[in-house]
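Here is how the chains run, residue by residue.
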Amino acid sequence: LRLLPCPARSSQKTAISALWATLPRVTPIQIVLLVLSQLLLFGAIFFFVGRAAKRRVEEIRAELAARGERLLRGPEQGGYSTASARFGKVRSTSVIALSETRFICKRLALEDFEIPLGEITGVRLEKTFGGRWVPGSPILVLDLSDSTEVGFQLRDAEAWKTAVQAALEASRSAQDAK
């Protein structure tokens, strides 16, 4: 059995070949320059994001020292996943910390916020949250008293969960003792 050539396919190939012939030729030097410019651009972005995150870390440390609050976890660069309209639905790179009285989120490009420990009713880890999924990295979700859920992507989410649970227990014990 012998297949005959399809006239439609041969005309497509001819059209593609004609289009390809009109494209300008790219030299190896141009390819190298393009790759180098992209590397330079990404390097600059990472440099400035890293500097901004370091400034935010220092801000948190100075703020806690001025208030006399003890730092329980962080500050650490992570990601604000999303929440309700209360904190905004825009995901962002953030610096996150946990003190003995509050959970602090300083976003690099958006408005900062903090959550008093008394407002946190629960903490859990989720594989997906608000449409976000990162392989091998669970998302720390805080349940708040007004039914808001807030998600954070952190390097060691399990340790953060444990730290938040311990801080919540200590905060509740201190309130019960009063």
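A few points on the structure.

## Thoughts on the overall build of the chain
Reasoning step 1: Helix and strand content of the chain: 3 helices and 9 strands.
Reasoning step 2: Start at the N end of the chain and walk to the C end: the helices and strands fall as α-α-β-β-β-β-β-β-β-β-β-α.
Reasoning step 3: Over its C-alpha trace the chain gives a radius of gyration of 26 Å, far above what one expects of a compact globule, namely 16 Å for 178 residues.
Reasoning step 4: Burial status across the chain gives 31% buried among its 178 residues.
Reasoning step 5: Residue pairs in contact within the chain that sit at least 24 positions apart in sequence constitute 51% of those at least 6 positions apart.
Reasoning step 6: Total accessible area on the chain is roughly 11,700 Å²; 61% of this is exposed by carbon and sulfur atoms.
Reasoning step 7: Looking at the chain, you have 25 positive and 18 negative side-chain charges, and the mean spots of the two groups are 14 Å apart.

## What to know about the side chain of Arg107
Reasoning step 1: You can see Arg107 is positioned in strand β3 (residues 102–107).
Reasoning step 2: Polar side-chain contacts of Arg107 include one of 3.0 Å to the backbone oxygen of Phe87.
Reasoning step 3: Residues within four places of Arg107 in sequence aside, it is in contact with Arg56, Tyr80, Phe87, Val90, Ser92, Thr93, Ser94, Asp112 and Phe113.

## Remarks on helix α3 (residues 157–177)
Reasoning step 1: Between its first and last C-alpha, α3 extends 30 Å over 21 residues, near the 30 Å set by a 1.5 Å rise per residue.
Reasoning step 2: Taken together, the buried positions of α3 are occupied by Ala157, Trp160, Ala163, Val164, Ala167, Leu168 and Ser171. Looking down the long axis of α3, one finds its buried residues gathered within 135° of arc, a one-sided arrangement. Among the exposed residues of α3, those oriented more than 90 degrees off its buried face are Glu169, Asp176 and Ala177.
Reasoning step 3: Buried positions along α3 lie against β1 (71–82), β2 (92–99), β3, β5 (120–126) and β8 (139–144).

## With respect to the sheet that holds strand β4 (residues 113–116)
Reasoning step 1: With antiparallel pairing, the 7 strands of this open sheet are ordered in space as β4-β3-β2-β1-β9-β8-β5. Two strands in the sheet have a free side with no partner beyond their single neighbour: β4 and β5. Each adjacent strand pair in this sheet contributes to an overall mean axis angle of 30°, direction not counted.
Reasoning step 2: Inspection of the sheet shows β8 paired to strand β9 (residues 149–153) by 5 bridges, in the antiparallel sense.

## Quick look at unusual backbone geometry
Reasoning step 1: Of note, the bond from Gly74 into Pro75 is cis; its omega dihedral lies within 30 degrees of zero at -5°.
Reasoning step 2: For Pro75, the position within the fold is in strand β1.
Reasoning step 3: Its identity is not glycine, yet Ser147 carries a phi of approximately 70°, on the positive side.
Reasoning step 4: When you line up the elements, Ser147 lands in the loop between β8 and β9.
Reasoning step 5: We classify Ser147 as exposed; its relative accessible area is 68%.

## Observations regarding the packing of aromatic side chains
Reasoning step 1: All told, the structure shown has 7 aromatic pairs when counted by the stated rule.
Reasoning step 2: Residues Phe103 and Phe152 carry aromatic rings whose centres are separated by 4.8 Å and whose planes lie at 45° to one another, so their mutual orientation is tilted. Of this pair, Phe103 sits in strand β3 while Phe152 sits in strand β9, placing them 49 residues apart in sequence.
Reasoning step 3: Feature note: the residues Tyr80, Phe87, Phe103, Phe113, Phe152 and Trp160 constitute an aromatic cluster, connected by ring pairs.

Parameters and conventions
Residues numbered from 1 in each chain as written. Predicted model: local features only at pLDDT ≥ 70, side-chain atom pairs only at ≥ 80, totals over all residues. Heavy atoms only, no water. Helix = DSSP H or I, 4+ residues; strand = E, 2+ residues; numbered from the N terminus. Rg over C-alpha atoms; globule rule 2.2 N^0.38 Å. Buried < 20%, exposed > 50% of the residue type's maximum accessible area, 1.4 Å probe, protein only. Contact = heavy atoms within 4.5 Å. Areas by Shrake-Rupley, 256 points an atom, 1.4 Å probe, with all protein chains shown as cover. Lys, Arg positive; Asp, Glu negative; His and termini not counted. Charge placed at Lys NZ, Arg CZ, Asp CG, Glu CD. Polar contact = N/O pair within 3.5 Å; in protein donor to acceptor, adjacent residues only side chain to side chain. Expected span 1.5 Å × (residues − 1). Arc of directions from axis to C-beta. Pairing = 2+ DSSP bridges. Axes fitted to C-alpha atoms, helices over the stretch in contact; angles between N-to-C directions. Phe/Tyr/Trp six-rings, centres within 6.5 Å; stacked < 30°, edge-to-face > 60°.

These results come straight from atomic positions and should not be treated as a statement about function.
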